[in-house]
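# Structural overview for review
Here is how the chains run, residue by residue.
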Amino acid sequence: MAINYTWDVSTVDVKEIDGNADTVFNVHWRLTGTDDTNTVKDMLGNDTPAIASVYGTQTLDTSDLSDFTAFADLTVSDVQGWVEEAMGEEAVTNMKAGLDAQIEELVNPVVQTKQVG
């Protein structure tokens, strides 16, 4: 099982801080894991990639804006880096492990729901 992880960090909260307009201080994020090897059946019985995701918000430390980047110059990569740094490597690793476990359960379910009759 090879899982690819993608971040969506495109929605942010901004305000003026220390004279810097549109300072990003909070990020609404989603981390998605997609298994590029295994598929599962959707509700119509079609094969679809096994996908799991987790989402939340991350407040950023804005106490030192010496490396301030203007909002118009921000990239998704910038914001993703800030989020991962604020969360910490261990938390990101744990989230990915949780997505791995969810995908494993989708591909090889321990519990199945069936109907009698």
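Our structure is the block above this text.
Keep in mind the model is a prediction, meaning the values are calculated, not measured.

Before going further, it helps to examine the environment of threonine 37. Following the sequence through the fold, threonine 37 ends up in strand E2 (residues 20-41). Between the alpha carbons of threonine 37 and alanine 50 there is a distance of 8.7 Å; along the sequence they are 13 residues apart. Side chain to side chain, threonine 37 and aspartate 36 meet in a polar contact 3.2 Å long.

The subject of this paragraph is the pairing of strand E3 (residues 47-59). In this sheet, E3 lies alongside E2 in antiparallel orientation, the contact comprising 12 bridges. Considered in E3, the bridge of valine 27 is made with glutamine 58.

There is about 430 Å³ of room inside the largest pocket. Forming the boundary of the largest pocket are 17 residues, of which Leu60, Asp61, Asp64, Leu65 and Trp82 lie nearest the centre. Taken together, the elements giving at least two residues each to the lining of the largest pocket come down to E2 and helix H1 (76-87). A per-class count over the lining of the largest pocket returns seven nonpolar, five polar and five charged.

Inspection of the secondary structure puts isoleucine 17 in strand E1 (residues 3-17). Along the primary structure isoleucine 17 and threonine 62 are separated by 45 residues, whereas in three dimensions their C-alpha atoms are 8.0 Å apart. Contact partners of isoleucine 17, with chain neighbours within four places excluded, come to Thr23, Phe25, Thr62 and Leu65.

Moving on, we come to the nonpolar core. Judged by nonpolar contacts, the single largest core of 19 residues is most densely connected at Trp7, Val9, Val27, Trp29, Val83, Met87 and Met95. Looking at this core, the elements with two or more residues in it are E1, E2, E3, H1 and helix H2 (89-107). Looking at this core, the element that brings in the most residues is E2, giving five residues. Those residues in contact with tryptophan 29 that sit more than four places away from it in its chain are Trp7, Asp8, Val9, Val54, Tyr55, Gly56, Thr57, Gln58, Val83, Met87 and Met95.

What follows is about H1. Residues spaced three or four apart along an α-helix face the same direction, because each turn holds 3.6 residues. Compared with the 16 Å implied by 1.5 Å per residue over 12 residues, the 16 Å span of H1 between its first and last C-alpha is a close match. When H1 is considered as a whole, its buried residues turn out to be Val79, Val83 and Met87. Taken around the axis of H1, the buried residues stretch over an arc of 65°, which confines them to a single face. Opposite the buried face of H1, at more than 90 degrees from it, the exposed residues are Ser77 and Glu85. Turning to H1, the residues buried within the fold contact E1, E2, E3 and H2. Glycine 88 sits one or two residues past H1 and shows a positive phi near 95°.

Quick notes on the rules
- Residues numbered from 1 in each chain as written.
- Predicted model: local features only at pLDDT ≥ 70, side-chain atom pairs only at ≥ 80, totals over all residues.
- Heavy atoms only, no water.
- Helix = DSSP H or I, 4+ residues; strand = E, 2+ residues; numbered from the N terminus.
- Polar contact = N/O pair within 3.5 Å; in protein donor to acceptor, adjacent residues only side chain to side chain.
- Pairing = 2+ DSSP bridges.
- 1 Å grid on protein atoms, 1.4 Å probe; cavity = no way out; pocket = protein on both sides within 12 Å on 5 of 7 lines; lining within 4 Å.
- Points joined across faces, edges and corners; volume = space filled by probe spheres on them.
- Nonpolar A, V, L, I, M, F, W, Y, C, P; charged D, E, K, R; others polar.
- Contact = heavy atoms within 4.5 Å.
- Core = buried A, V, L, I, M, F, W, Y, C linked by side-chain atoms within 4.5 Å.
- Buried < 20%, exposed > 50% of the residue type's maximum accessible area, 1.4 Å probe, protein only.
- Expected span 1.5 Å × (residues − 1).
- Arc of directions from axis to C-beta.

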